[in-house]
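Below, each chain spelled out in residue letters.
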Amino acid sequence: MNITREKKIERAETLKKKFEEFPTFYLLDFNKLKVSQANELRRRLREKNFSFQVIKNRLALKALKDDYFSSLKDYFRGPTAVAFAADDPVGLAKALHEYAQETKLLRFKAGILEGLYLDADRFEEIANLGSRTELVAKIGYLMAYPLIKLYQTWQAPVVTFGQLLSQLKSKK
């Protein structure tokens, strides 16, 4: 099936808008992935508000921003898919990593994480991070912990004094 030049330009423009709209995207090698498996992955990602798209390398290279082009150019070889995340890049990495572990067919090539280049070696580190909610909770706990300890330190003499008075009262 031949695609007309106009269709190619339209697809490249659509892809360019996606690259601009989403601050995080991962390039994936899906070489032996069956259509049914790709559809299953799409369904799983869609449930979590992510998107997955198989792309033509030449169209993607035309659509890519100039600042991303040099770092990602070499990864547009062979079968390439792109997974996009608007809000939760760690969640997308976790979902892709989980699916790759299940099927052993999906391989991370490279990506852009919140506007920064991410190579394949760093992808697993990102996938093993906690979710955004977990990280915010940890930061909140770490910020509150010194205040809790200070409060307990100030409260200790008062509690001890209260216990002392209680013992004196019970002796009389």
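Residues numbered from 1 in each chain as written. Predicted model: local features only at pLDDT ≥ 70, side-chain atom pairs only at ≥ 80, totals over all residues. Heavy atoms only, no water.

Participant: I would appreciate a short explanation of the overall build of the chain in the present structure.
Facilitator: Helix and strand counts for the chain stand at seven helices and five strands. Its helices and strands in sequence order give the chain the pattern α-β-α-β-α-α-β-α-β-β-α-α, from N to C terminus. On C-alpha atoms alone, the chain measures out to a radius of gyration of 26 Å, which is more than a quarter above the 16 Å that the 2.2 N^0.38 rule sets for 172 residues. Seen through its C-alpha atoms, the chain measures out along the principal axes to roughly 100 × 35 × 25 Å. Buried residues in the chain amount to 32% of all 172 residues. (Helix = DSSP H or I, 4+ residues; strand = E, 2+ residues; numbered from the N terminus. Rg over C-alpha atoms; globule rule 2.2 N^0.38 Å. Buried < 20%, exposed > 50% of the residue type's maximum accessible area, 1.4 Å probe, protein only.)

Participant: Even after reading the chapter, I still don't get helix α2 (residues 35-47), so can you show me in this structure?
Facilitator: Note: α-helices contain 3.6 residues per turn, so residues at a spacing of three or four share the same orientation. With 13 residues, α2 ought to run about 18 Å at 1.5 Å a step, and its terminal C-alpha atoms sit 18 Å apart, in line with that. Residues of α2 that are buried in the fold lie against β2 (51-55) and α5 (89-103). Asn-49 occupies a position one or two residues after α2 and carries a positive phi of about 65 degrees. (Expected span 1.5 Å × (residues − 1). Contact = heavy atoms within 4.5 Å.)

Participant: Help me out: how do you make sense of the nonpolar core in this one?
Facilitator: The tendency in soluble globular proteins is for nonpolar side chains to be buried as a group. By size, the foremost hydrophobic cluster in this structure holds 26 residues, and its most contacted members are Tyr-26, Leu-45, Leu-92, Leu-96 and Leu-106. Within the residue set of this core, elements represented by two or more residues are β1 (24-29), α2, β3 (80-85), α5, β4 (107-113) and α6 (120-127). For this core, the element with the most residues is α5, which contributes seven residues. Phe-19, Phe-25, Ile-55 and Leu-64 belong to the second largest nonpolar core, which has 15 residues in total. (Core = buried A, V, L, I, M, F, W, Y, C linked by side-chain atoms within 4.5 Å.)

Participant: Any chance you could explain the packing of aromatic side chains here in plain terms?
Facilitator: According to the stated counting rule, one finds nine aromatic pairs in the structure shown. Measuring from centroid to centroid gives 4.0 Å for Phe-108 and Phe-123, while their planes differ by 15 degrees, and the two rings are stacked. In this pair, Phe-108 sits in strand β4 while Phe-123 sits in helix α6, placing the two residues 15 residues apart along the sequence. Of the two residues, Phe-108 and Phe-123, neither departs from the other in class, the shared state being buried. Cluster of aromatic residues (ring-pair linked, three or more members): Phe-19, Phe-22, Phe-25 and Phe-84. (Phe/Tyr/Trp six-rings, centres within 6.5 Å; stacked < 30°, edge-to-face > 60°.)

Participant: Would you mind going over the sheet that holds strand β5 (residues 116-119) with me for this structure?
Facilitator: Each strand in a sheet pairs with its neighbour through backbone hydrogen bonds, running either in the same direction (parallel) or in the opposite one (antiparallel). The strand order across the open sheet built from five strands is β2-β3-β1-β4-β5, with neighbouring strands paired in antiparallel fashion. The sheet terminates laterally at β2 and β5, the two strands that pair on one side only. When the angles between neighbouring strand axes are averaged without regard to direction, this sheet yields 20 degrees. Inspection of the sheet shows β1 paired to β3 by five bridges, in the antiparallel sense. For Tyr-26, the partnering residue across the bridge sits in β3 and is Ala-83. (Pairing = 2+ DSSP bridges. Axes fitted to C-alpha atoms, helices over the stretch in contact; angles between N-to-C directions.)

Participant: Sorry, what's going on with unusual backbone geometry here?
Facilitator: What you tend to see is this: most non-glycine residues have negative phi, and most peptide bonds are trans. Positive phi, close to 65 degrees, is recorded for Asn-49, a residue that is not glycine. We classify Asn-49 as exposed; its relative accessible area is 67%. If you check the backbone angles, Glu-114 has positive phi at about 50 degrees while not being a glycine. Inspection of the secondary structure assignment puts Glu-114 in the loop between β4 and β5.

Participant: Where do I start with the packing of α5 against α6 in this structure?
Facilitator: Remark: α5 packs on α6, axes separated minimally by 8 Å, with the N-to-C direction vectors making an angle of 105 degrees. If you check the angle between α5 and α6, you find them roughly perpendicular. Counting all contacts with α5, which are made through Val-90, Ala-93, Lys-94, Leu-96 and His-97, the residues of α6 involved are Phe-123, Glu-124, Ile-126 and Ala-127. By residue class, the composition of the contact of α5 with α6 is six nonpolar, one polar and two charged. (Parallel < 35°, antiparallel > 145°, perpendicular 65-115°, else oblique. Nonpolar A, V, L, I, M, F, W, Y, C, P; charged D, E, K, R; others polar.)

Participant: Looking at this model, I keep getting lost on the pattern of salt bridges. Mind explaining?
Facilitator: Where charged atoms of side chains with opposite charge meet at close range, the side chains can pair. Overall, the coordinates contain six salt bridges when judged by the stated rule. With a shortest N-O distance of 2.6 Å, Arg-43 and Glu-40 are connected by a salt bridge. Highlighted residues: Arg-43 and Glu-40, both in helix α2, separated by three residues, approximately one helical turn. With a shortest N-O distance of 3.1 Å, Arg-44 and Glu-40 are connected by a salt bridge. Taken together, the residues span about one helical turn, with Arg-44 and Glu-40 both in helix α2 at a distance of four residues. (Salt bridge = Lys/Arg side-chain N within 4 Å of Asp/Glu carboxyl O.)

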